[in-house]
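Working through the structure, step by step
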Amino acid sequence: MTDRPSPSKRVHVRTWGCQMNVYDSARMTDALAPLGYAPTDQVEAADMVVLNTCHIREKAAEKVFSELGRLRLLKRARAAEGRRLIIAVAGCVAQAEGVALLERAPYVDIVIGPQATHRLPALVRRAEAGERALLDLEFPPESKFDELPEAAGPQPASFGGVTAFLTVQEGCDKFCSFCVVPYTRGAEYSRPAAAVLAEARQLVAAGAREITLLGQNVNAYHGEGPDGRPWRLSRLIRALAELEGLFRIRYTTSHPRDFMAEHGGDVDLIAAHRDVPQLMPFLHLPVQSGSDAVLRAMNRRHSADDYVRLVDALRAARPDLALSSDFIVGHPGETEADFAATLALVRRVGFAQAFSFKFSPRPGTPAAEARNPVPEPEKDRRLHELQALLRDQQAAFAASLIGRVIPVLVLEPGRHPGQMVGRSPWLQPVHATLPATLAGEIVPLRITAAHPNSLAGEALSPAAQRNAA
Ligand code: SAH
Ligand code: SF4
Ligand code: F3S
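Residues numbered from 1 in each chain as written. Chains lettered and ligands numbered in written order. Predicted model: local features only at pLDDT ≥ 70, side-chain atom pairs only at ≥ 80, totals over all residues. Heavy atoms only, no water.

Points about the site of ligand 2
Neighbouring ligand 2 are Cys172, Lys174, Phe175, Cys176, Phe178, Cys179, Val181, Pro182, Asn217, His255 and Arg300. Across the shell around ligand 2, the residue classes break down as 7 nonpolar, 2 polar and 2 charged. (Near = heavy atom within 4 Å. Nonpolar A, V, L, I, M, F, W, Y, C, P; charged D, E, K, R; others polar.)

Some thoughts on the site of ligand 3
Taken together, Cys18, Asn21, Thr53, Cys54, His55, Ile56, Cys92, Val181, Arg185 and Gln216 make up the full set of residues near ligand 3. Along the lines of polarity and charge, the residues of the shell around ligand 3 split into 5 nonpolar, 4 polar and 1 charged. A domain split of the shell around ligand 3 shows at least three residues from each of domain 1 (9-136) and domain 2 (153-280). (Domains from an automatic or database assignment.)

Structural notes on the UniProt feature "binding site: [4Fe-4S] cluster 2" (unreviewed entry) in the chain
UniProt annotation of "binding site: [4Fe-4S] cluster 2" (unreviewed entry) refers to Cys172, Cys176 and Cys179 when read in the numbering used here. Among the secondary structure elements, Cys172 is positioned in the loop between strand S8 (169-170) and helix H7 (181-184). Taking relative accessible area as the criterion, Cys172 reaches 9% and is therefore assigned buried. Every residue in contact with Cys172, bar those within four places of it in the chain, is listed here: Val181, Pro182, Gly186, Ala187, Glu188 and Asn217. When near neighbours in sequence (up to four residues on either side) are disregarded, Cys176 contacts Met298, Asn299 and Arg300. (UniProt positions renumbered as here; feature names shortened; annotations may be inferred. Helix = DSSP H or I, 4+ residues; strand = E, 2+ residues; numbered from the N terminus. Buried < 20%, exposed > 50% of the residue type's maximum accessible area, 1.4 Å probe, protein only. Contact = heavy atoms within 4.5 Å.)

Looking at the domain arrangement of the chain
Much of the literature gives interface size as the accessible area that the parts lose upon coming together. Looking at the chain, the domain boundaries give domain 1 (9-136), domain 2 (153-280), domain 3 (309-398) and domain 4 (405-468). Domain 1 and domain 2 are separated by 28 Å when their C-alpha centres are compared. Contacts between the two partners involve 16 residues from domain 1, matched on the other side by 18 residues from domain 2. A combined buried area of about 1,400 Å² lies between domain 1 and domain 2, and 61% of that area is made up of carbon and sulfur atoms. Taken together, domain 1 and domain 2 are joined by 2 salt bridges. Residue Glu199 is joined to Arg27 by a salt bridge in which the shortest nitrogen-to-oxygen separation is 3.5 Å. Viewed at the interface, domain 2 and domain 1 are joined by 6 residue pairs in polar contact (both at pLDDT 80 or more). When residues of the side of domain 1 that touches domain 2 are traced back to their parent elements, those giving at least two are helix H1 (19-32) and helix H3 (91-97). If one sorts the elements of the side of domain 1 that touches domain 2 by residue count, H1 sits on top with 8 residues. Broken down by class, the residue content of the side of domain 1 that touches domain 2 amounts to 9 nonpolar, 5 polar and 2 charged. (Buried area = accessible area lost by both parts, 1.4 Å probe. Salt bridge = Lys/Arg side-chain N within 4 Å of Asp/Glu carboxyl O. Polar contact = N/O pair within 3.5 Å; in protein donor to acceptor, adjacent residues only side chain to side chain.)

This is the structure:
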């Protein structure tokens, strides 16, 4: 153990984008503790602000610049009082914009890419010493996972540590036509299985009951196993299932190709859904489009039928499996017939949840240069129509649970006195009157109502309800 100075400074970390960024933000916060920085949710109280950014769509990236505009004023006000505010931009906008970001926002002190986050403390020391415009966009040979300190406490948004994210894989080699991730996160990298298992053991010892394995292409995982040979994700999941006290395992985001035998995918992952009861029956499996022509233009390298067959195989392995997905409407060249094929796929599969986006041209990606863009009003119309269908499916799925008894992982107190919030196997929040002592336990609840984004449940035994009163 190293001695930690008592925190005298405050760091405010804001996170956009995917779960990988959420994970990185937690690790950066931990890495700054030895420099005397304690986390704060109040930007006004901060001596340093880290914006951990996302570049996936134009809107996401633009949010960073509006936030920077506000920080510039705060920094000026500080300077007038003779105090400093260090501003660091991390994440995928940092990686994509680099020097251009420093030119556009010269008051930013540090720009640091997602694979260099372990070097943040060194840069902060230099910024504290008065250096400016520090830039680190490398994909260093050493892995940030080996260099960052072990988690010091529960992750943000982890419900007191009952749930945890664990990054096992990063980066992407797939180069979908529309996507910046291969450029901002770099090539696929998998952490060794032993490191993942050690981190999982620590999380469980600290009270985690549900772990979500994270990766941009999490089922492309091929980390070095203890035997020196690569392990696939299914192998890792089977090993995690041995951990006493770990009740639930999830993984996200998977890619259809990495399940398929013909593409060297992890076919055993389908079997793992049948064999491993801890593996939750909910899968986020992006398809993007139901049209083969669009899938081809997107460089997804699988067909709509491949996807449907994969879903059938997964459901055969785990009949209560519910699916979530990502969709893009208005990719260059998408015709009305292509869009109709997407609606048909949605009807055929039936999704419990989904994210859908209008195609956003991103600098440096092939699709941004395409000469057959879909007009904006048309994109709006298609998005609207798709979202209406997906919303209906989500509501129908939630409604199908009413009256059923389902196992709910109890997380933390809810907004009303005596109320607790839990999580269904399908990732829905469930509200119920329960004793707070049940946090971290799995409790059978009868579902009494379905709201747009949550369920209401009640405990079965009258005794449990009396305790809660
Ligand atoms: N690795 C995951 C997705 C990561 S990005 C996968 O392969 O599916 C998350 C989602 O953002 C994508 O699934 C896609 O639906 C959406 N997205 C990515 N780039 C986009 C763009 N340029 N415009 C609109 N949506 C985009
Ligand atoms: Fe982006 Fe495609 Fe890689 Fe997913 S698989 S991160 S969408 S390039
Ligand atoms: Fe966004 Fe980067 Fe994640 S672009 S979605 S934060 S990998």
